[in-house]
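Each chain is listed here by its residues.
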Amino acid sequence: MTNLPLNGRLLFESAPDMYLALTPDLIIAEVSNRYLAATKTTRDGIVGRHIFEVFPDNPDDPNADATRNLRASLERVRDLRIQDSMAVQKYDIPRAAAEGGGFEARFWSPVNTPVLADDGALLGIIHRVEDVTEFVRLKQEQDAERESTAQLRSHTEAVEAEVYRRTLEVAAASRQIKDGERSLREAKDAAERANRAKSDFLAKMSHELRTPLNSIIGFSDVLLEETAGPLTAKQRRFVDNVLTSGRQLLSLINDILDLSKVEAGRMELSMVRVSPAGAVDEVLASLQPLATRKRHALHSELPADLPLVDADPVRLKQILMNLVSNAIKYTPDGGTIAVRAAAVTVDGRTMVRTEVSDTGIGIADADLDRVFDEFEQVGGEYGRAQEGTGLGLALARRLVMLHGGTIGVQSVAGKGSTFHFTLPCAVSAAPFAKPGIATPGTQAADGSKHDGAAPQPPVALVVDDDAKASALLSDYLEGAGFRVVTSTSGADALQQVRTLRPTLVTLDMILPDRPGGVDVLTVIKRQSDTRDIPVIVVSITDDRSVALALGAAAWLVKPVGRHEFLRAVETALRGAPSARPAAR
Ligand code: ADP
């Protein structure tokens, strides 16, 4: 050792560890280079100074206790003269201003060793530190990593648990939905079955009720005609009541039957081209007596060029009948009822919009939506005092909808109501071709093309040798949407019936040659394939009972008015046998 060219100081300074040599008073006596580098201090800056003056605690770290710990350790070494290993200390090193100032976190593992004289006196203390910052960081990182791995794992587990829980929820919900769907479907099936059963029941009931009612109506009619003997005034009044009540009941039953037919999807419309103006005229004429009784002014405003509509003429009149009779009913005496119609365009389609307005009791806003529902009757005291069932508007709405139209109402309570409905216009406005010239779907006489898809109009055969009478009836029938074929002799008539199978026949009983009217009627009604064609007898002779006995649907005396005639046609087509009570 003595050969070494190194003195003790140089040795101490060059030691590859961090050392401080302290006096017993804790003044720094010597320092290794490594210590200076690690603590960013200079030898001149620290040697000769008190250790705690040089290395104060980081004032920004409230938990800093390294100085206190070091002092305690050094005191232990001084007092007990034994080496003291301290726990790892966090002691922050002041950073150079150029590096941003402040303190830099550092961890140290210090060991304080007494330097003793031979007599055991304390000469000084060697303070050795090891910078374990990297180690601590590594450990912290590992811990953090372990921590975050654990966190991750528990997070993943939580997510998995959540996913599982949600999956269960979704499965339960979809089971519920499926159950719900099934019970909905079952409920719908049950409701449809019930509805069909109800419709069937109503149809049967109505039929069973109508048969005896027709007898009631027919026989009271016969009684009133006094063919079975004269009636006293009182008897006439009674029979009149029976007849009126019977008719009311019949119309109610018809409404119920119609409604149930629509609901069951069994309402069939016989669509033809109809003149809405003709229908309005007819309905107003038949309701005029009712209006007169209540001193109402009843009128229509119909443009001359009102187009034809595609409709079932019977149903169109039913709709109008309902709206106009309601207007009469729900308007106190002396009111005004007007029917207006005009062509309008709705969604690019031409429609005929018909309006029925009155100056009656009106409908409260809150009730407007309800009036089209079945059995809904509103309108306070006056309204309730009127006879009704609450079925008319429900049926009218369904019929309009079946035709592809819409129905609605505007009303001011106490002032009046305006009901309106639309019906689609006929595809072509051209009138039906005259027989023998053209039929729908071919080139018409007027050069216009008929739409091939247009509904085929029903055919009516008019049998009359009087050209004027024939023209008049033809006009009525064409107005109602028929294609009319005329015949002037009995032989031709029978031929036409066989080949054309008309929907309806009007028959003059007095024909110039054999076979006469009676023969024609007899043949039509005897043959099974023509038996069901309704025949309306139009005659000047008093052969009513003969005609009806032979099976005529109606018997009218010339000259026949339009409304009377078309009413008979309607009744005949409905198959209502009230016009031939004698046949029952
Ligand atoms: P009802 O047989 O009772 O007349 P509707 O279905 O035809 O049945 O009408 C339903 C209800 O709507 C009527 O009871 C009445 O309260 C109301 N209503 C219908 N038309 C009118 C109207 N023109 N003015 C006022 N209220 C009306």
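Remember, it's a predicted structure, so these values are computed and weren't measured experimentally.

(A) Quick peek at the packing of aromatic side chains. Taken as a whole, this structure holds 3 aromatic pairs when the rule is applied. Ring geometry for Phe-12 and Tyr-19: centres 5.8 Å apart, planes at 45°, overall tilted.

(B) Region of the structure containing empty space enclosed by the protein. Tallying each qualifying case throughout the model produces 5 cavities of 30 Å³ or more. Put simply, the largest cavity is a space of about 200 Å³. Residue lining of the largest cavity: 14 residues in total, with Tyr-35, Leu-70, Tyr-91, Trp-108 and His-127 positioned closest to the centre. Put simply, the parts of the chain that give the lining of the largest cavity at least two residues each are helix H2 (33-39), helix H5 (66-80), strand E7 (107-116) and strand E8 (122-131). Broken down by element, the lining of the largest cavity gets its largest block of residues, 3 residues, from H5.

(C) Fine view of the site of the ligand. Around the ligand sit 21 residues, and of these Asn-326, Tyr-330, Asp-358, Thr-389 and Leu-393 come closest. With respect to the ligand, the backbone of Gly-392 contributes an N or O atom lying 3.3 Å from an oxygen atom. Burial of the ligand by the protein chains amounts to 98% of its free accessible area of 530 Å². Going through the elements one at a time, helix H9 (313-329), helix H11 (392-402) and strand E15 (416-424) are the ones with two or more residues in the shell around the ligand. When residues of the shell around the ligand are assigned to their parent elements, the largest contribution, 4 residues, is made by H9. Within the shell around the ligand, the residues separate by chemical class into 9 nonpolar, 9 polar and 3 charged.

(D) Spotlight on the environment of Arg-49. Tracing the backbone through its elements, the reader meets Arg-49 in the loop between helix H3 (43-46) and helix H4 (51-54). When the C-alpha atoms of Arg-49 and Leu-26 are compared, they prove to be 8.5 Å apart, with 23 residues separating the residues in sequence. Beyond its immediate stretch of four places on either side in the chain, Arg-49 contacts Leu-26, Ile-27, Ile-28 and Val-54. At 2.7 Å, the side chain of Arg-49 and the backbone oxygen of Gly-45 are in polar contact.

(E) Here's a closer look at a nonpolar patch on the surface. Judged by side-chain polarity, Phe-201, Met-205 and Leu-209 come together as a nonpolar surface patch covering roughly 270 Å² of accessible area. Inspection of the secondary structure assignment puts Leu-209 in helix H6 (residues 133-225). Of the residues examined, Leu-209 reaches a relative accessible area of 37% and is grouped as partly exposed.

(F) A look at the packing of helix H7 (residues 233-263) against H11. For the pair H7 and H11, the least separation of the axes is 10 Å and the interaxial angle reads 40°. Comparing their axes, H11 and H7 come out oblique. Taken as a pair, H7 and H11 cross one another with a handedness that is left-handed. Seen from H7, the contacting residues are Asp-255, Asp-258, Leu-259, Val-262 and Glu-263; seen from H11, they are Ala-394, Leu-395, Arg-398 and Leu-402. Taken together, the residues of the contact of H7 with H11 sort by class into 5 nonpolar, no polar and 4 charged.

(G) Fine view of the sheet that holds strand E20 (residues 554-557). On the basis of which strands lie adjacent, the open sheet formed by 5 strands has the order E17-E16-E18-E19-E20 and parallel pairing. Strands at the two margins of the open sheet, each flanked by one partner only, are strand E17 (483-487) and E20. The mean inter-strand angle of the sheet, taken between neighbouring strand axes irrespective of direction, is 20°. Pairing geometry for strand E16 (residues 459-463) and E17, over 5 bridges, is parallel. Its bridge partner being in E17, Val-463 is matched across the sheet by Ser-487.

(H) Region of the structure containing the pairing of strand E1 (residues 18-22). The buried count for E1 comes to 4 of 5 residues, which makes it a mostly enclosed element. The pairing of E1 with E8 spans 5 bridges and is antiparallel. If you follow Leu-22 over to E8, its bridge partner there is Ile-125. Hairpin remark: E1 followed by strand E2 (residues 28-31), antiparallel, with 5 residues in the connecting loop; positive phi at Leu-26, about 65°.

The rules behind the values
- Residues numbered from 1 in each chain as written.
- Predicted model: local features only at pLDDT ≥ 70, side-chain atom pairs only at ≥ 80, totals over all residues.
- Heavy atoms only, no water.
- Phe/Tyr/Trp six-rings, centres within 6.5 Å; stacked < 30°, edge-to-face > 60°.
- 1 Å grid on protein atoms, 1.4 Å probe; cavity = no way out; pocket = protein on both sides within 12 Å on 5 of 7 lines; lining within 4 Å.
- Points joined across faces, edges and corners; volume = space filled by probe spheres on them.
- Helix = DSSP H or I, 4+ residues; strand = E, 2+ residues; numbered from the N terminus.
- Near = heavy atom within 4 Å.
- Polar contact = N/O pair within 3.5 Å; in protein donor to acceptor, adjacent residues only side chain to side chain.
- Areas by Shrake-Rupley, 256 points an atom, 1.4 Å probe, with all protein chains shown as cover.
- Nonpolar A, V, L, I, M, F, W, Y, C, P; charged D, E, K, R; others polar.
- Contact = heavy atoms within 4.5 Å.
- Patch = residues over 30% accessible without salt bridge, like charges linked within 9 Å, V, L, I, M, F, W, Y side chains within 5 Å.
- Salt bridge = Lys/Arg side-chain N within 4 Å of Asp/Glu carboxyl O.
- Buried < 20%, exposed > 50% of the residue type's maximum accessible area, 1.4 Å probe, protein only.
- Axes fitted to C-alpha atoms, helices over the stretch in contact; angles between N-to-C directions.
- Parallel < 35°, antiparallel > 145°, perpendicular 65-115°, else oblique.
- Left-handed = near helix turned anticlockwise from the far one by under 90°.
- Pairing = 2+ DSSP bridges.

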